[in-house]
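Fold and geometry: a report
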Amino acid sequence: MKRDIQNIDDDIIRKKRLIEQILYSDEDIVEILDNPNIDLECPEELVYENIFPCLRIPGTQDVSKNFITFSVDDIERMPSNSVMKSQIVQFVVFVHKDHIKTKYGMARHDLLGYLIREIFNLSNKLGPQMELISNKEYVTDTDYHTRTLRFELIDDNSTKPLRTNPYEYGTWR
């Protein structure tokens, strides 16, 4: 591939990679996701097993699992300032009905939601400060309980004066 994929200049991809790392590096998140098949020395194995950088609904599976899915979306430019934009970071926690109970006396989806809120709310981990704007419980079907947390952050719109697209004229490296 001609493009340097590891150094993409895209704030959404950069933020998703950072969220993945934050989630699998948190020992409490790893414990509460409760995947006995993951080597605790390599928690990054949770990515695409229990942590997904996209919103998805778990399909039918032989072994019930718990998931954290997330998205980062540009919402709009700020009306009074065209160089700023609003972004929403959304986490959806899925917990299989067979795993809802924890040894901590609370439902697993609520506990994972609490941990996510504690890590990200009012933090600057992704650059601008994130603020929780929604925290709701849902049920997808008879097997999964969910908790959806939405955070808003205001970031620059990645507009830089006199910046050109390096791929437009074949000037990429």
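An account of the accompanying structure is given in this report.

This part takes up the pattern of salt bridges. Counted according to the given criterion, the structure contains 9 salt bridges. Between E31 and K103 there is a salt bridge; the shortest N-O distance is 3.9 Å. In this pair, E31 sits in helix α2 (residues 27-33) while K103 sits in the loop between β3 (81-96) and α3 (108-120), placing the two residues 72 residues apart along the sequence. Put simply, E49 and K65 hold a salt bridge, and the shortest N to O gap is 2.7 Å. Separated by 16 residues along the polypeptide, E49 in the loop between α2 and β1 (51-52) and K65 in the loop between β1 and β2 (66-78) bring together distant segments of the chain. The exposure class assigned to E49 is partly exposed, which follows from its relative accessible area of 32%. On the basis of relative accessible area, K65 is assigned to the partly exposed category, the value being 23%. Through salt bridges that share partners, D11, K15, D74, K85 and D155 make up one connected network.

Here the focus is the side chain of Q90. Relative to the elements of secondary structure, Q90 occurs in strand β3. A distance of 3.1 Å separates polar atoms of two side chains, one belonging to Q90 and the other to R150. Leave out the neighbours within four places in its chain, and Q90 touches L55, T69, F70, S71, T148, L149 and R150.

What follows concerns the packing of helix α1 (residues 11-25) against α3. At a closest axis distance of 12 Å, the pairing of α1 and α3 adopts a crossing angle of 120°. Considered as vectors, α1 and α3 are oriented oblique to each other. In the packing of α1 onto α3, the handedness of the crossing is right-handed. Across from I19, I22 and L23 in α1, the residues of α3 making contact are I116, I119 and F120.

As a further point, take a negative patch on the surface. On the surface, D39, E41, E44 and E45 cluster together into a patch of negative charge. Tracing the sequence through the fold places E41 in the loop between α2 and β1.

Working definition: an aromatic ring pair is given by the centre-to-centre distance plus the angle between the planes. Using the criterion set out here, one finds 8 aromatic pairs in the structure. Taking the centre distance of 5.9 Å and the plane angle of 40° together, the rings of F70 and F91 count as tilted. Of this pair, F70 sits in strand β2 while F91 sits in strand β3; the two residues are 21 residues apart in sequence, bridging distant segments of the chain. On the basis of relative accessibility, which here comes to 0%, the residue F70 falls in the buried class. By relative accessible area, which is 0% here, F91 ends up buried. Among the aromatic residues, those joined into a ring-pair cluster are Y48, F52, F67, F94 and Y144. Between the NZ or CZ atom of R56 and the centre of the ring of F52, over which it lies, the distance is 4.2 Å.

Basis of the calculations
Residues numbered from 1 in each chain as written. Predicted model: local features only at pLDDT ≥ 70, side-chain atom pairs only at ≥ 80, totals over all residues. Heavy atoms only, no water. Salt bridge = Lys/Arg side-chain N within 4 Å of Asp/Glu carboxyl O. Helix = DSSP H or I, 4+ residues; strand = E, 2+ residues; numbered from the N terminus. Buried < 20%, exposed > 50% of the residue type's maximum accessible area, 1.4 Å probe, protein only. Polar contact = N/O pair within 3.5 Å; in protein donor to acceptor, adjacent residues only side chain to side chain. Contact = heavy atoms within 4.5 Å. Axes fitted to C-alpha atoms, helices over the stretch in contact; angles between N-to-C directions. Parallel < 35°, antiparallel > 145°, perpendicular 65-115°, else oblique. Left-handed = near helix turned anticlockwise from the far one by under 90°. Patch = residues over 30% accessible without salt bridge, like charges linked within 9 Å, V, L, I, M, F, W, Y side chains within 5 Å. Areas by Shrake-Rupley, 256 points an atom, 1.4 Å probe, with all protein chains shown as cover. Lys, Arg positive; Asp, Glu negative; His and termini not counted. Charge placed at Lys NZ, Arg CZ, Asp CG, Glu CD. Phe/Tyr/Trp six-rings, centres within 6.5 Å; stacked < 30°, edge-to-face > 60°. Lys NZ or Arg CZ within 6 Å of the ring centre and 35° of its normal.

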